[in-house]
Amino acid sequence: MAISSSSWELPLVAVCQVTSTPDKQENFKTCAELVREAARLGACLAFLPEAFDFIARDPAETLHLSEPLGGNLLGEYTQLARECGLWLSLGGFHERGQDWEQTQKIYNCHVLLNDKGSVVATYRKTHLCDVEIPGQGPMHESDSTIPGPSLESPVSTPAGKIGLAICYDMRFPELSLALAQAGAEILTYPSAFGSVTGPAHWEVLLRARAIETQCYVVAAAQCGRHHEKRASYGHSMVVDPWGTVVARCPEGPGLCLARIDLRYLRQLRQHLPVFQHRRPDLYGSLGRLPS
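Residues numbered from 1 in each chain as written. Predicted model: local features only at pLDDT ≥ 70, side-chain atom pairs only at ≥ 80, totals over all residues. Heavy atoms only, no water.

Per an unreviewed UniProt entry, the recorded name for the protein is Deaminated glutathione amidase, and the organism is Enhydra lutris kenyoni. The record in UniProt for the protein states the following under Sequence similarities (unreviewed entry): "Belongs to the carbon-nitrogen hydrolase superfamily. NIT1/NIT2 family." (UniProt positions renumbered as here; feature names shortened; annotations may be inferred.)

(A) Quick peek at the sheet that holds strand β4 (residues 107-113). Ordered by their spatial adjacency, six strands build an open sheet running β5-β4-β3-β2-β1-β16, and the pairing between neighbours is mixed. Sheet topology places β5 (119-124) and β16 (254-259) at the edges, where each strand pairs with a single neighbour. Each adjacent strand pair in this sheet contributes to an overall mean axis angle of 20°, direction not counted. As judged from the three bridges shared by strand β1 (residues 12-17) and strand β2 (residues 45-48), these two strands associate in the parallel manner. Within the sheet, the bridge partner assigned to V15 lies in β2 and is F47. Together, β2, β3 (87-95), β4 and β5 form the strand contacts of helix α3 (residues 72-84), whose direction differs from that of β3 by roughly 175°. (Pairing = 2+ DSSP bridges. Helix = DSSP H or I, 4+ residues; strand = E, 2+ residues; numbered from the N terminus. Axes fitted to C-alpha atoms, helices over the stretch in contact; angles between N-to-C directions. Contact = heavy atoms within 4.5 Å.)

(B) Quick peek at the packing of aromatic side chains. Inspection of every chain in the model, using the stated rule, returns five aromatic pairs. Taking the centre distance of 5.1 Å and the plane angle of 90° together, the rings of F52 and Y77 count as edge-to-face. In this pair, F52 is assigned in the loop between β2 and α2 (59-65) and Y77 in helix α3, connecting sequence segments 25 residues apart. You'll find F52 and Y77 in the same group, each marked buried. (Phe/Tyr/Trp six-rings, centres within 6.5 Å; stacked < 30°, edge-to-face > 60°. Buried < 20%, exposed > 50% of the residue type's maximum accessible area, 1.4 Å probe, protein only.)

Okay, here's the thing in structure tokens:
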């Protein structure tokens, strides 16, 4: 489809790929370097993957390393956003919530910071990854984590209206449809995908979510070996509303850049008006955000 807006006018986003370890300060150093590079390259928003803060060896270490949103680590990211003058999607922070004392469990929290360093939105992962995939090792996220209670309404940013999700959420199209119907133009799936499910499902799920919602999909991913017990697939990418992969990170830590063209998105939705063609009378109002 022809685009008349010249690309330099379009907002630029950066997708960061990292290999988190249990060393929080080292992880922050790596993420901060990528965010500063994103700012130098002119991005208005940088996306970090799930578990950007750390990936621990076991649930006990996860709980030990976790912090509240008001803790030191988020304070450092607040300063970083302010210093660089760009928005940050912190794709999955191990958060000690207000119920920490009672539960001794945490939330997997996607935090959105604006360019002043203020927390604009938080979404706590609603679908926890409790799976046993042969060849990949078991995942029991609920051993340390509580599922979030609700979805977060899409948030206006310099790149467009962003719908927040995390990793395993991408397997539930109801969530992406709810966000799209509530006005999302960009869906985010910060992730730490496994080495068996990655090659089989990662790209096809992201492209499916983009096509069915006619949204951009931004997926910042963990990559490589985090420690002796865990490795991640990588392949961070941006998919446009037509389902085309428009940016992809090479192997290893680094970043990729993409322009977000909302005019193209609106044209596409006009030409292929699937949301006007839905039949809730036949299958119910699948995926509506509570008002």
